[in-house]
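Spelled out, the chains give:
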Amino acid sequence: MKIVFLNGGLANQAFQYIFYRYAQLVNKDEEWILDDSFFFVNDVHNGYELERVFGVKPKLISEYFDRDVWEYMVELKRNGKSIPQIFLENGEKIIKLLEADYSSNWNPFSGESRVIAETDRINPQIVSLPGNIYYHGYWIDKFWFKALEEKGESLKFPEIEDRENLEILKHIEESNSTSIHIRRGDYADLGLVPDNSTIKNMIGKMREKNPEMSLFVFSDDIDWCRTNENSLGLDNCKELVYVSNNHGTASYRDMQLMSNCKNMIMSNSAFCYLAALMNKRLNLVLNPNRNRPL
């Protein structure tokens, strides 16, 4: 049995699913399961979203066990036991394979753990290791995205039906559209947001290459962007459009709209990175994150 950890917001879930689904397709004799237990004990973002947004039906560990068994496992998890630890304590030999060298509060484990060497992080052979393995990582990389596409599968958004997003999509398709994603929220708390002058510099570089661009601003804090419009350099574009209508469970529509823009100014978030990878009409891109090439 192979188990893949699932957590976080939609983009994290999508990259973990992509890794899981690719592994499932190349190892059809193995049983592959997504560990969705995180969402039974944590209330973050919009919860589990893969099926609602992308229409996929992975095998979830919450559906693998009988209801009473699963409720017991969730209670153990609330008390600090991880899924691999529960397996280990019930006599199942399992190895925890980590994408990076970090400890995790989500999956504490007293058994054998291995950290994937940096050179093997995108090695397809890691999905074909023998035995019971718990894969703990985010797998946010173009490699796994393209590998799944080469298997004939890709993620697809549901069709846009509401009037406001249809009008924005039409505007994006008919203009020299450039998206910029300014992620704040928890990124601001963690000090991961570039300073205003860095964002202004990126907009200036894009404007030099594309002086007639219409700039579509996507952010989890549009009010902050409006307030800082001048220092961010947003006011120097031919046309400026703030996309502010998608909230809560509709937040993924921002990703969908970004994936239709002709040009993109990237943030360092997985949300924006997935939008770029799903963008089939991308002409120009400014991507400051060298760890996530397009």
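Please refer to the structure placed before this passage.
Residues numbered from 1 in each chain as written. Predicted model: local features only at pLDDT ≥ 70, side-chain atom pairs only at ≥ 80, totals over all residues. Heavy atoms only, no water.

Q: Whenever I open this one, the state of the cysteines confuses me. Can you help?
A: As used here, a disulfide is simply a covalent bond connecting the sulfur atoms of two cysteines. The final tally for this structure, using the stated rule, is zero disulfides. The structure places no disulfide on C225, whose sulfur is separated from the nearest cysteine sulfur, that of C237, by 13 Å. C225 sits in the buried class, given a relative accessible area of 0%. (Disulfide = S-S within 2.5 Å. Buried < 20%, exposed > 50% of the residue type's maximum accessible area, 1.4 Å probe, protein only.)

Q: Please explain the packing of helix 1 (residues 10-26) against helix 6 (residues 142-150) as it appears in this structure.
A: Angle between the axes and distance between the axes are the two parameters that describe a pair of packed helices. With their axes 9 Å apart at the nearest point, helix 1 and helix 6 run at an angle of 45 degrees to one another. One element, helix 1, and the other, helix 6, form an angle in the oblique class. Taken as a pair, helix 1 and helix 6 cross one another with a handedness that is left-handed. Residues I18, F19, R21, Y22 and L25 of helix 1 form the contact with helix 6, whose own contacting residues are W144, F145, A147 and L148. (Axes fitted to C-alpha atoms, helices over the stretch in contact; angles between N-to-C directions. Helix = DSSP H or I, 4+ residues; strand = E, 2+ residues; numbered from the N terminus. Parallel < 35°, antiparallel > 145°, perpendicular 65-115°, else oblique. Left-handed = near helix turned anticlockwise from the far one by under 90°. Contact = heavy atoms within 4.5 Å.)

Q: Is there a simple way to explain the environment of M213 in this structure?
A: Residue placement: M213 occurs in the loop between helix 9 (196-209) and strand 7 (214-219). The class of M213 is buried, set by a relative accessible area of 1%. The spacing of M213 and T178 is 35 residues in sequence and 6.2 Å in space, taken between C-alpha atoms. Apart from residues no more than four positions distant in its own chain, M213 is found in contact with N176, T178, I203, M206, R207, C237, K238 and E239.

Q: Even after reading the chapter, I still don't get the pairing of strand 1 (residues 2-5), so can you show me in this structure?
A: The side chains of a regular strand alternate between the sheet's two faces. Across the two faces of strand 1 the burial is the same, with K2 and V4 and I3 and F5 all buried. Looking at chain direction, strand 1 and strand 2 (residues 32-35) are connected through four bridges and run parallel. Its bridge partner lying in strand 2, V4 is registered against L34. As for the winding sense of the linkage, the β-α-β connection from strand 1 through helix 1 to strand 2 is right-handed. Where strand 1 meets strand 5 (residues 133-136), three bridges bridge the pair, whose relative direction is parallel. Within strand 5, the residue paired with K2 across the bridge is I133. (Pairing = 2+ DSSP bridges. Right-handed = clockwise from strand over helix to strand, strands pointing away.)

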